[in-house]
Amino acid sequence: MTEKGHLLAWKITGKLAIWMLLIVAGVSYFFFNYSLKTINSLYAENFHNKMLITYEYTRRVLSDVYVLVTNNVYYLEHDLDNPDNHKYVMERIVRSGTRVHSCGINFIPDYYPKKGHKFCPFAWRNPANREEINIEEKGDADYDYQDTKWFRSVIDGDTAKWSEPFYDGYDNKTTLAAYMVPIHDSKGKAIAVLGADVSLDWLTQKLAETDSTYNATGYVSDANGLKSQSYIINRNGTFITHPIGSRVMEEVFFNHLKGTDDFDIEMLIEKMKKGTVSEKESEKKFFFDGQESYLFFTPLKYTDWMMVTVVPCRTIDMLGITYGFQIIVVLLLAMLSILILNFLFIWRR
């Protein structure tokens with residue numbers, strides 16, 4: 001090919017490159033101004049679905065405890081004449097429930113006079129050897145439960161419920177929550193509370209494991225220190241789980257929230273207290289511990305608890321921008337390929 005032909009090839013390719021760069025610039029401008037919000041919404045939905053997967057796992061575990069306890073009510077109510085058998089029922093419940101830490105049945109005063117004023121058959125799992133189940137009959141010398149809020153609420157209200165978190169009476173550091181049901185005599189009177197205690201440590205570990213796995217898959221940039229974090233709170237906002245153990249049962253989630261110019265925090269708190277499910281997450285931003293964030297939340301069935309996932313806005317924003325740049329890179333590579341082919345076609349003619 002002549003020098004004039006080479007010059008023509010470069011001239012045509014140069015003009016084509018300018019037009020294609022203008023097209024890519026226009027597409028990029030449109031994408032970042034009109035499409036980025038949609039991309040962010042898709043990534044927000046990914047975090048929402050991740051929360052629901054963790055929720056479903058947690059719900060199944062709590063439901064298993066609910067079923068296990070409920071299935072033993074009939075047997076206990078029809079064997080009230082044999083108080084010595086009750087501790088073996090407690091042992092069976094603990095052994096059958098892989099997440100059950102301990103189990104006890106607390107009777108109203110003097111229901112079994114020969115057993116003392118207070119009577120509470122009890123079984124618990126040895127923390128050092130989970131296969132070992134210990135059983136005993138607690139009585140007057142052990143602890144006073146008959147005027148406690150949890151006992152009175154179940155007996156007087158004649159209703160099943162999950163308890164507020166509490167510390168294990170043996171080590172005073174393991175956080176527990178109990179599913180409690182009333183036990184009735186032949187006349188239908190509530191005469192005892194059957195409760196199965198679940199350690200909240202496994203729940204904290206499960207949330208941390210899920211967050212860690214999700215944060216390490218590229219959804220979150222650890223290099224920027226941006227991480228999603230999941231919690232279980234009660235309807236009043238008290239932490240039931242938290243990576244920092246000292247915050248459990250001591251601090252309130254809502255106290256870490258602040259509103260933005262676009263949304264009033266009071267509306268959010270009211271929705272969460274009512275047990276609603278979050279929606280349109282990417283359209284609302286809040287400050288959590290000073291970090292602008294999106295919040296995803298859903299109530300846990302059969303409890304007064306709520307699962308909450310906090311995701312820094314920069315996390316999702318960076319994901320959207322990264323995705324946008326990937327598209328632009330593809331466009332630039334396609335443009336470069338066309339220019340090379342165009343140059344070679346003209347050069348060879």
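Residues numbered from 1 in each chain as written. Predicted model: local features only at pLDDT ≥ 70, side-chain atom pairs only at ≥ 80, totals over all residues. Heavy atoms only, no water.

A. Quick look at a nonpolar patch on the surface. A contiguous nonpolar surface patch, about 270 Å² in accessible area, is contributed by Val-329, Leu-333 and Leu-336. Relative to the helices and strands, Leu-333 is located in helix H6 (residues 313-348). (Patch = residues over 30% accessible without salt bridge, like charges linked within 9 Å, V, L, I, M, F, W, Y side chains within 5 Å. Areas by Shrake-Rupley, 256 points an atom, 1.4 Å probe, with all protein chains shown as cover. Salt bridge = Lys/Arg side-chain N within 4 Å of Asp/Glu carboxyl O. Helix = DSSP H or I, 4+ residues; strand = E, 2+ residues; numbered from the N terminus.)

B. Structural detail: unusual backbone geometry. Positive phi values are uncommon outside glycine, yet Asp-110 reaches one of about 60°. You can see Asp-110 is positioned in the loop between strand S1 (100-107) and strand S2 (120-126).

C. Spotlight on helix H5 (residues 265-273). Within H5 the residues assigned to the buried category are Ile-265, Leu-268, Ile-269 and Met-272. Mapping the buried residues of H5 onto a view down its axis gives an arc of 95°, with all of them on the same face. As for H5, its buried residues are in contact with strand S8 (229-234), strand S9 (257-258), strand S10 (286-288), strand S11 (291-299) and strand S12 (305-312). Positive phi shows up at Gly-275, right after H5, with a value of about 80°. (Buried < 20%, exposed > 50% of the residue type's maximum accessible area, 1.4 Å probe, protein only. Arc of directions from axis to C-beta. Contact = heavy atoms within 4.5 Å.)

D. Quick peek at helix H3 (residues 149-157). Buried residues of H3: Phe-151, Val-154 and Ile-155, and no others. One side of H3 carries all its buried residues, which in axial view fall inside an arc of 95°. Summarising the geometry of H3, the exposed residues directed more than 90 degrees from the buried face are Lys-149 and Asp-156. Considering only its buried residues, H3 is in contact with S1, strand S4 (161-162), strand S6 (175-184) and strand S7 (190-199). Asp-158 sits one or two positions beyond H3 and adopts a positive phi of about 50°.

E. Structural context of the pattern of salt bridges. Within the structure shown, the criterion is met by 9 salt bridges. Of the charged contacts, one joins Arg-152 and Asp-156 as a salt bridge, the two residues approaching to 2.8 Å between their closest N and O atoms. Within this pair, Arg-152 and its partner Asp-156 are both found in helix H3, separated by 4 residues, close to a single helical turn. By relative accessible area, Arg-152 is classed as partly exposed at 27%. Residue Asp-156 is classed as exposed on the basis of its relative accessible area of 56%.

F. Here's a closer look at the environment of Glu-56. Relative to the elements of secondary structure, Glu-56 occurs in helix H1 (residues 3-77). On the accessibility criterion, Glu-56 (30% relative accessible area) is partly exposed. For the pair formed by Glu-56 and Leu-300, sequence separation is 244 residues and the distance between their alpha carbons is 8.9 Å.

G. Local environment of the pairing of S11. For S11, the tally of buried residues reaches 7 of 9 residues, placing the bulk of the element in the interior. Of the pairings in the sheet, the one linking S10 to S11 comprises 3 bridges and is antiparallel in character. Counted as the bridge partner of Phe-286 is Ser-293 from S11. Hairpin connection from S10 to S11: 2 residues lie between these consecutive antiparallel strands, with Asp-289 at a positive phi of about 50°. Relative to S12, S11 runs antiparallel, the two being bridged by 7 bridges. Of the residues in S12, the one forming a bridge with Phe-297 is Val-308. (Pairing = 2+ DSSP bridges.)

H. Examining the nonpolar core more closely. Ranked by size, the top nonpolar core spans 57 residues in total, and within it Ile-183, Leu-194 and Trp-305 carry the most contacts. No other element matches H1, which puts 11 residues into this core. With near-sequence residues (within four places) excluded, Trp-305 lies in contact with Leu-62, Trp-162, Ser-163, Ala-177, Leu-200, Ile-232, Ile-233, Asn-234, Arg-235, Ile-240, Pro-299 and Leu-300. The next biggest cluster of nonpolar side chains, apart from the first, holds 17 residues, and it includes Ile-233, Leu-268, Ile-269 and Phe-286. (Core = buried A, V, L, I, M, F, W, Y, C linked by side-chain atoms within 4.5 Å.)

I. Spotlight on the packing of aromatic side chains. All chains considered together, the criterion is met by 18 aromatic pairs. Taking the centre distance of 6.1 Å and the plane angle of 55° together, the rings of Tyr-231 and Phe-253 count as tilted. Note that Tyr-231 is positioned in strand S8 and Phe-253 in the loop between S8 and S9, a separation of 22 residues in sequence. One aromatic cluster in this structure is built from Tyr-231, Phe-239, Phe-253, Phe-254 and Phe-288. Above the ring of Tyr-75, the side-chain terminus of Arg-92 is found at 5.2 Å from the ring centroid. If you follow Lys-138 out to its NZ or CZ, it ends over the ring of Phe-122, 5.2 Å from the centre. (Phe/Tyr/Trp six-rings, centres within 6.5 Å; stacked < 30°, edge-to-face > 60°. Lys NZ or Arg CZ within 6 Å of the ring centre and 35° of its normal.)

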